[in-house]
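# Descriptive structure summary
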Amino acid sequence: MRNPITIILLFVLFGLLVLIRVFEFDLFYDPYLMFFKNDYLHIDSPRREVFKLTMYTTLRYVLNSSISLGIIYLFFKDKSIVKFSIIVFVIAYLILLCLFLYFVIHPRQEDYYLFFNFRRFLIQPILLLLLLPAFYYYKLKR
């Protein structure tokens, strides 16, 4: 199927995604990590430094996106797919960051669940989970 080096690299990249998740409390400033682990629908929004939170969220998004792009490249070995993925990641970042900042600056209890889900797209590699099967299907049909 594929050479062993590619498979090892894929395991390493997926392992890096797991490590980012495992050490998220140590690596990133995010008061919402504990907030959403608790009963967040019944408590007030945590104190936060908006600039610091935005920078660490951006760092996490860039790390996850870079690793995701590496995974996409190793799966398909197609630079046009990677270029398209970069465009998707950049557009998604711009849209999601605007929504994220709105919810951070204007916290309302009735918006917490919506905020939780938008935030997930920034801090977790969900776009990878959407793009891999989409590109696989595209390759099958082509």
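Here, the structure is the one placed above.
My aim in this report is to walk through the structure given alongside it, one point at a time. This is a predicted model, so every value here is computed, not measured. (Residues numbered from 1 in each chain as written. Predicted model: local features only at pLDDT ≥ 70, side-chain atom pairs only at ≥ 80, totals over all residues. Heavy atoms only, no water.)

### Thoughts on the overall build of the chain
For the record, the criterion: The numbering of helices and of strands both runs from the N terminus, where a helix is a DSSP run of H or I of at least 4 residues and a strand a run of E of at least 2. Burial status follows relative accessibility: with a 1.4 Å probe on protein chains alone, a residue under 20% of its type maximum counts as buried, one over 50% as exposed, and anything between as partly exposed. In this description, accessible areas are obtained by the Shrake-Rupley approach with a 1.4 Å probe, and a residue is regarded as covered only by the protein chains that are shown.
The helix and strand tally for the chain stands at seven helices and zero strands. Secondary structure elements in the chain, listed N-terminal to C-terminal, are α-α-α-α-α-α-α. The buried share of the chain, taken over its 142 residues, is 40%. Surface accessibility of the chain: about 8900 Å² in total, with carbon and sulfur atoms responsible for 70%.

### Describing the packing of aromatic side chains
Rule in force here: Any pair of Phe, Tyr and Trp rings, taking the six-membered ring for Trp, is counted once the centres come within 6.5 Å. Such a pair is stacked with planes under 30 degrees apart, edge-to-face with planes over 60 apart, and tilted for the rest. Two conditions define a charge sitting above a ring: the NZ of Lys or the CZ of Arg must be within 6 Å of the ring centre, and it must be within 35 degrees of the ring normal.
This structure, assessed with the given rule, holds ten aromatic pairs. When the centroid spacing of 6.1 Å and the interplanar angle of 80 degrees are considered together, the rings of phenylalanine 76 and phenylalanine 135 count as edge-to-face. Placement of the pair is phenylalanine 76 in helix α4 (residues 50–76) and phenylalanine 135 in helix α7 (residues 126–141), with a sequence separation of 59 residues. Both residues of the pair, phenylalanine 76 and phenylalanine 135, count as buried. Aromatic side chains tyrosine 102 and phenylalanine 103 sit 5.4 Å apart centroid to centroid with 70 degrees between the ring planes, which places their arrangement in the edge-to-face category. The exposure class assigned to tyrosine 102 is partly exposed, which follows from its relative accessible area of 39%. Relative accessible area serves as the criterion here: at 6%, phenylalanine 103 is assigned to the buried category. Members of the aromatic cluster, connected to one another through ring pairs, are Phe100, Tyr102, Phe103, Phe115 and Phe118. Taking NZ or CZ as reference, lysine 52 lies 4.6 Å from the ring centre of tyrosine 29, over its face.

### Here's the deal with the packing of helix α1 (residues 4–22) against α4
Convention followed: Every axis corresponds to a line fitted to the C-alpha atoms, with the helix fit spanning only the stretch in contact, and the corresponding angles, defined between N-to-C directions, vary from 0 to 180 degrees. Roughly parallel means an angle under 35 degrees; roughly antiparallel means over 145; roughly perpendicular covers 65 to 115; every other angle is labelled oblique. Crossing chirality is assigned from the near helix's rotation relative to the far helix, an anticlockwise turn below a right angle marking it left-handed and a clockwise turn marking it right-handed. Whether two residues are in contact is decided by their heavy atoms, any of which lying within 4.5 Å being enough. Residues are sorted three ways: Asp, Glu, Lys and Arg are charged, Ala, Val, Leu, Ile, Met, Phe, Trp, Tyr, Cys and Pro are nonpolar, and all the rest, Gly among them, are polar.
In the contact formed by α1 and α4, the axes pass within 10 Å of each other and the chain directions differ by 160 degrees. Taken together, the axes of α1 and α4 are roughly antiparallel relative to one another. You can see that α1 and α4 cross each other, and the crossing is left-handed. Across the interface between the two elements, Thr6, Leu9, Leu10, Leu13, Phe14, Leu16, Leu17, Ile20 and Arg21 of α1 pack against Arg60, Leu63, Asn64, Ile67, Gly70, Ile71, Leu74 and Phe75 of α4. Residue classes in the contact of α1 with α4 are distributed as twelve nonpolar, three polar and two charged.

### Notes on the pattern of salt bridges
Applied cut-off: By definition here, a salt bridge exists when the distance from a side-chain nitrogen of Lys or Arg to a carboxyl oxygen of Asp or Glu is within 4 Å.
Considering all chains together, one arrives at four salt bridges under this definition. Salt-bridge contacts for glutamate 24 lead to arginine 60; the nearest nitrogen and oxygen are separated by 2.7 Å. Remark: arginine 60 occurs in helix α4 and glutamate 24 occurs in helix α2 (residues 24–27); sequence separation between them is 36 residues. Overall, arginine 60 belongs to the buried group, its relative accessible area being 2%.

### Considerations on a nonpolar patch on the surface
Our working rule: Patch definition: residues above 30% relative accessible area lacking any salt bridge, with like charges linked at up to 9 Å and the nonpolar side chains Val, Leu, Ile, Met, Phe, Trp and Tyr linked at up to 5 Å.
On the surface, Ile8, Val12, Leu16, Val18, Leu19, Val22, Phe23 and Leu27 cluster together into a nonpolar patch covering about 690 Å² of accessible area. Per element, the largest residue contribution to the nonpolar patch is six residues, and it comes from α1. When its relative accessible area of 45% is taken as the criterion, leucine 27 is described as partly exposed.

Functional significance is not addressed by these values, which are geometric in nature.
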